[in-house]
Structure formats: structure tokens, C-alpha cells
Number of protein chains: 2
Amino acid sequence: MAELVGNVLVGQSGGPTAVINASVAGIIAEALNHECVEEIYGALNGVLGILNEDLIDLAAESQQQIRALKHTPGAALGTCRYKLKKQSDFERVLEVFKAHNIRYFFYIGGNDSQDTADKISKLAQQQNYDLRVIGVPKTIDNDLPITDHTPGYGSVVKYLVTSLRELACDNEAMGQGDLVSIVEVMGRSAGWIAAGAALAKRRDHPHDPPHLIYLPEVPFDQAKCLEDIKRVLKREKFCQIVVAEGLIDADGNYVAADAAQDAFGHAQLGGAGEFLKELVETNLPGVKARVAKPGIVQRAASHAASKTDVDEAFLAGQAAVKAAIEEAESDKMVTLVRGDTDHYSVETGLAPLSEIANGVKKLPREWINEDGTSMNFQFVRYAQPLIQGEVSVPHENGVPVYARLDKVRIDKVLPAFVA
Amino acid sequence: MAELVGNVLVGQSGGPTAVINASVAGIIAEALNHECVEEIYGALNGVLGILNEDLIDLAAESQQQIRALKHTPGAALGTCRYKLKKQSDFERVLEVFKAHNIRYFFYIGGNDSQDTADKISKLAQQQNYDLRVIGVPKTIDNDLPITDHTPGYGSVVKYLVTSLRELACDNEAMGQGDLVSIVEVMGRSAGWIAAGAALAKRRDHPHDPPHLIYLPEVPFDQAKCLEDIKRVLKREKFCQIVVAEGLIDADGNYVAADAAQDAFGHAQLGGAGEFLKELVETNLPGVKARVAKPGIVQRAASHAASKTDVDEAFLAGQAAVKAAIEEAESDKMVTLVRGDTDHYSVETGLAPLSEIANGVKKLPREWINEDGTSMNFQFVRYAQPLIQGEVSVPHENGVPVYARLDKVRIDKVLPAFVA
């Protein structure tokens, strides 16, 4: 096959994770191995940076900084939730690519980002512009189809189970009064993250905390919830609950929509965790409820990341570059493919961007126990390998040190973008 | 001096910290060095365990478990918030001590616990029962008098600054829209913990997050707060705020009392963080606010504990035993005494329990900048040494492993306690 010589462009999109920067590091490390790559650019804030021609020279960054990306949370290039809509937007993207001889475009993100990458790729084909587009999976939500799991998921779960086990030590120590300890975790439409909390239980200790997990997949029933809690309190003296922010009732409505308004015009604050607290304290006299809501902290907690997750995010970045250059692939996303044996292993594969963009992977109902508030061994077998291994983050003055890119700008050559 | 031969009793009281168990480990390690110590007992759930004669044999625990206490959160012996009131309660305590030949009592806790220890000590003196009582300081609130700081404080601050720096990476990456990122931290009456957030800033980077710190020491003014936020958003595009749960207004009322009721009878949920979120979203159109509330997780986060703090908690436990046995001291609490030189060092001292019980150490107003929302170099010089050094926690199946005591019960010899 003819070698395609030109520049690489990397972009990050959607909500950050603890490991999205590890994929950038993987892309850069692999791109440097190939003579056909002339320059390695980064787009600031995803497609927004492309539209505005805000590009930086990633090859100019120091090796220490690129190495530090492997353990740096956030999104070092900046990210965005901007959705390209108009045909003229897509044409502008190609214009920028042509102006900077971008021949390899790697976009790290979830469904929406892969959809964007797909459309850019298709337009390039229409215009006979030789461009190879490979998506790199990223989302804490773990809801991309085809790939076994997504980089970012293992780390958010590892952080949460670490916190949950620590919280359980504290809750148990206070064990004289009835205490309900609620942790609200991310997950608007799928319970993958909340389900992961089950990994905080020791093997063969089904009564370990968390005692109750409330998932968006199981319609929420207040009366049953109160019975669940009473049963646990009787047995344990405290009850640790994990609740997904996107809890829904039998009618499919959010139980506690953040910033929704109640009948009196008050903002309904605090979300699902505070909702459960109120439910408990109103209905179970003498029971005290406490809420923790790690919020965005949970997806940024690189200091407690899963080494497996970091390594796979890096691998996915490398695989994207190899696929584009060595196999002349385009219009695909890298997938993680789990080996068949009992011993966990992972290889990378490729799937068409269009299939990723339009699919969603749901938490299988058969992995949730019949009680609706705990996960079975099938889920544990699936998720446990994803949180294995710890990372070591450098500290300075007692605080973690994360990468800060120099962001050397590439000169703009086009007229300013007009939205 | 005459050697006092008998048994040691250790108790833990009040809210757990990441390092309260390290003090237990220090007490046991030192007690084993002294021939005059016959048995080492633990009281389950503090004074409650003494009243109920719920004592365990700490010498029967494996060495691995005792070693693991150094990095285990919660309170391995259990804790309580029970306050001894009646004279008969105190007499029951002494009865239990006599029945089990307790000659050394070490109580790990804050003001209230030291008050309890003081009263037990005084009653023993009245009854001519030879007992040595030494308190060991413990509280994340850092509000005990005389001691330079309290074990537990450094670790909660280290955990929070770790989370804040990670959160800042995430917030900055999203930097296209105006985002206010609020973290509510513990601290009902003093802002020591919230103030500690200032350590997340790099040296000589005053504009680093957190941009605004709201303390109980500075009366909260809504209009000024909104101006503060607008100023930061203009400069940074995002604004990271740390707010103490016990924020008060100019009239001395809690701005957002947890579970307080508003005029419509609704529980006012979510506390100070959600209050700020509503303030922002109501008054600054187009600005989005997100709240994180680590809750109890913050005081249990042993995986991100300060090594300095762990070591000092252990040291305080050791020092308590040495004081009681080698110096025949009683009715004192161990204090941490900072060295005079620029290079941080700490020694232990002793202070009368009565002075600890009745005092409170306030965050000095002169350590807060004139703007009321940031800390000056004096605070940083004070607090920075307390978060130095990282700990390594063992993991199994990707989750931290914490000590679980066997809790071998001591036979009860007295009639059951009647409250």
C-alpha cells in the first residue's frame, strides 16, 4: 500500500476521565515510531479547536510532560461538548485539515465524538481527501457498544470502591446508632458505575458494604427501598447505599432531577443522594442519614486510578496509530477485546465508527440479582479485572504533580472561523 | 518511683479519622516494651464499652493486624459520641477498671473525650485508686488548644488538596463555558479544613485553584460572593470554590443548616455547597455550577493520608504510654510541639486534660487574607509540613485491605450495667 505522508492531529472530546490523557500519550509514543508522520498536532478543546484553527505542536512538549500525561486527569488538550451540526462546520474542519496537511486524525471520546469523527471521515472520502480517521474509546459510563469496556471506567470504579471501603470502616466504627450512609455516583442513564461499587465487597462476604445499590435499570420503589434499609439496619446497625444520579421511577421519570423545580418553585437540590436522605429521615424515625457526593472528583481521581485502565488507555492510543498507519484503516474505532480464557487478557480490535455512534451498551439485567439492589458473580467476573493494579503519582510539597503542556501554537493560515 | 503494675486500657472516641488507629498501634507497640504492663485491653466503642464491660484482648491480635492499623481508617475499636453525665456512670467506669485491674487508661479523642478522661482521672484520685490517665489528641477539626495541631488534620487536608488539584484539571479541560465548581468540606464551627484547601495552590501561583475559600470565620455576604465569582470567571473561565459546611452569615446564623426547614416546611437539603450552587445559578445567567461533597469519605481517606500525620499519630500513642509509665504522669494529654527552626520538626509534650477540655483553637484571623477568601503565607507555612509524605496501602483484588481485629472478648465479671 502507498505510504500516506503527513501530519497527525489528536483531539479529546466529552467529559474527561482519569485516563484520557494516557491515550494521548499512547498516540504520541506510537506516532513517533513512524517516518510517514511529519508533525504531531493537538486540537485545543476538540472540534472547537479545529474550527478555530487552535492547534498546538505536541512534538515540542518535553518528554517528561508526555510521560506525565499517563497519570494526569482532566483533558490536557482541553475538551468540549460542541456538536458539529451544519454542513459548513464539517467543511471548515476539512479546510483546516488540508491547510495543515492533516492526514491522520485521532479522536478520543464517546458516542457523540465517534459520530463526529465518522462524519468528518465520510466528508473527506466524498472530497477525495486522503485522510485516515481512527476513534479512541473514552468514557467513564462504559456504554460504548462492541468494545468489551471503555478506558476510564475501571478507574472511576477503583476510586469509588476505595472510598466505599474506607467509608465502611468509618460507618462501622460509629455503630451504636442506626446510620444510613449514602453515596451518590455518576450515571445518568446507565448503572455501570453504581454497579461497580459491588467490587468493594470481599469475595464470599455478601453482607459487606455496600449493602444496597440503586441503579437506573431498576425502577425505584420508595416503599421497597425503606424495607430494604430496615432489613439491613437490623442486621448491621448501619446501611451503606450507593445510588446512581439517574435513578428513575416506574413511570420512567427521574426520581431527583438536579435543578428541577418542585411545585413551590424551589430548585430541587442535591440530586438522588439527598432525595434518599430525606426519604429515610422522614420515614424512619431515629435513623440518621449522611450523604457523600464525590461529583466530578470521581472521574478525575488519577491518584487512585486502575493501572489496568491506564495501560489499556495507552494501548488504545497506540493501536489507533498502528491501525491508521500500518493497516491503512480509517473510519473505525479501536475496541478492547477480552481474551477467552479465565485469566484476564485484552487485545485491541476495530469497529466501524457508525456502529459505535449509534449503539449503547446496557448493563445486562441478568447481572443484577433478583433483589434489584446487588450484582451477581457474572458482573463481578466482568468488572473485577478492570480495577487491578495501582499507579504511583509523583508528589511535590505533598500534592500530586500533573502534566501541564506548554501548548506551543501552530500559526493560523486561514481566515477566522465564523459560526 | 514505685512501679505501677497492671493492665492497660485503650479507647477511641468521637468522629473517626484516617489516623486514629495509628495512635492505637503506637500505644500497643510501646506498651509491649514495659514489664509492668500485664495485659493490653481495648474498650469497644469508647466509654460505652467500659460501662458495658465490653473489653477485648489487644495482645491477642496478630502482629499483622496491629501493623495494619497504621493505615486503617475508621476506629478499629469502635467509637461513640456518648457523654458520661451521671455520677453513677463515672463510678461504674471505676468499678470496671478495678474489676480488670486497669492501671493505665489511654483515651484517644477530641475536647469532649479529654473532658471525660479528666473526670475519670479525678474520681480515681478521690477514691485513692492508683490510675494513670493520658489523653491522645485526635480530630480532623484541628481545634484542640495547646497542641500545635491534631493528628487527623493533616490527612484530611492532604486528601482534599489531592482531590482539588485533580478536579482543577477536569474543570480547566472543560474551559469553554463558565463553570463554578464547588466543594463542600467538613468544619461546622472552624475553618481549619477549608483553609487547608489553600495548599492545593502551587507556590507563587496565587491564581491557582481553589480560587475562593469560604470560611465560618468570615461572615458570608451573598452580594460579595457573587462579585468574587464573576471576577474569577472573567479571568479563568472557571471558578473553583471550597466552602466549609458551617458557613454563617453576618447575624451568626448558619447559611445552610443541614436538615433545617425552610418557610414551606421543606427540608433544606444539601448544605452549604448546594446553597452556593443555587445562589450562582439564580443570579448569574448562563453560569453552570457543580457540587462535590466528599462527606465522611474525607476523614476516612487513608489511601491518601499524610505520612507525617500517620507517623505523628503513632508517636502520640507511644508518647502517652511513655509518659504514664516512665514519668508516672496522669491527667494529661499528649501535645505536638513544633520545633523553632525553619525545618519542620515535632516533639511531644503534655498538657493538663482540664485545659484541653475547656479550650478551643481558632483559625487566626490574621492568617486569612483581607479579601476573606484566601489564606496567606503564615497559614501555608503552618499547614504545609502537615501534609508531607505519602503512604502505601496494600491492595487485594484491586481494593485496599484494612485491618479487621479479631476482638477476643474479656470475660465479664460484673453485673450488667443499668443506665
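Residues numbered from 1 in each chain as written. Chains lettered and ligands numbered in written order. Predicted model: local features only at pLDDT ≥ 70, side-chain atom pairs only at ≥ 80, totals over all residues.

Draft legend 1. Structural detail: the environment of G295(A). Within the secondary structure, G295(A) sits in the loop between β9 (288-292) and α10 (297-300). Separated by 109 residues in the primary sequence, G295(A) and M186(A) place their C-alpha atoms 7.0 Å from one another. Apart from residues no more than four positions distant in its own chain, G295(A) is found in contact with R290(B), V291(B) and A292(B). (Helix = DSSP H or I, 4+ residues; strand = E, 2+ residues; numbered from the N terminus. Contact = placed C-beta atoms within 7 Å.)

Draft legend 2. Representation of the interface of chain B and chain A. Contacts between the two partners involve 62 residues from chain B, matched on the other side by 62 residues from chain A. Broken down by secondary-structure element, the contributors of at least two residues to the side of chain B that touches chain A are α6 (153-173), α9 (271-283), β9 (288-292), α10 (297-300) and β13 (399-400) of chain B. Of the residues forming the side of chain B that touches chain A, the biggest block, 11 residues, is contributed by α6(B). Grouping the constituent residues of the side of chain B that touches chain A by class yields 28 nonpolar, 21 polar and 13 charged. (Nonpolar A, V, L, I, M, F, W, Y, C, P; charged D, E, K, R; others polar.)

Draft legend 3. Looking closely at the nonpolar core. One finds F106(A), A197(A), A320(A), F106(B), A197(B) and A320(B) to be the most contacted residues of the largest nonpolar core, which totals 282 residues. The residues touching F106(A), leaving out its near neighbours within four places in the chain, are V10(A), I27(A), I134(A), V136(A), A320(A) and V321(A). (Core = buried A, V, L, I, M, F, W, Y, C linked by C-beta atoms within 7 Å. Buried ≥ 20, exposed ≤ 12 C-beta atoms within 10 Å, placed from the backbone.)

Draft legend 4. Summary view of the relation of the copies chain B and chain A. Superposing chain B onto chain A requires a rotation of 180° together with a translation of 0.0 Å along the rotation axis, leaving an RMSD of 0.0 Å. Taken together, the rotation and translation relating the two chain copies correspond to the operation of a two-fold axis. A shared binding surface is used by both copies, with 100% of the interface residues of chain B retained as interface residues in chain A. (Least-squares fit on C-alpha atoms with pLDDT ≥ 70 in both.)

Draft legend 5. Region of the structure containing the sheet that holds strand β8 (residues 238-244) of chain B. Residues and elements named next belong to chain B. Pairing within the open sheet is parallel, and its four strands lie in the order β7-β8-β6-β9. Edge positions in the open sheet fall to β7 (212-214) and β9, since each of these has one partner strand only. Each adjacent strand pair in this sheet contributes to an overall mean axis angle of 20°, direction not counted. Where β7 lies against β8, three bridges are found, and the strand directions are parallel. Note on β8: the bridge partner recorded for I213 is V242. Along the sheet, helix α8 (residues 222-236) contacts β6 (179-185), β7 and β8; its crossing angle with β8, the most-contacted strand, is approximately 145°. (Pairing = 2+ DSSP bridges. Axes fitted to C-alpha atoms, helices over the stretch in contact; angles between N-to-C directions.)

Draft legend 6. Broad picture of helix α1 (residues 20-31) of chain B. All names here are of chain B. The end-to-end C-alpha distance of α1, which contains 12 residues, comes to 17 Å, matching closely the 16 Å that a straight helix rising 1.5 Å per residue would cover. Most of α1 sits out of view: 11 of its 12 residues are buried. Within the span of α1, buried status applies to I20, N21, A22, S23, V24, A25, G26, I27, I28, E30 and A31. Tucked inside the fold, the buried residues of α1 contact β1 (6-12), β2 (37-43), α3 (63-68), β4 (102-109), β5 (132-137) and α11 (307-326). (Expected span 1.5 Å × (residues − 1).)

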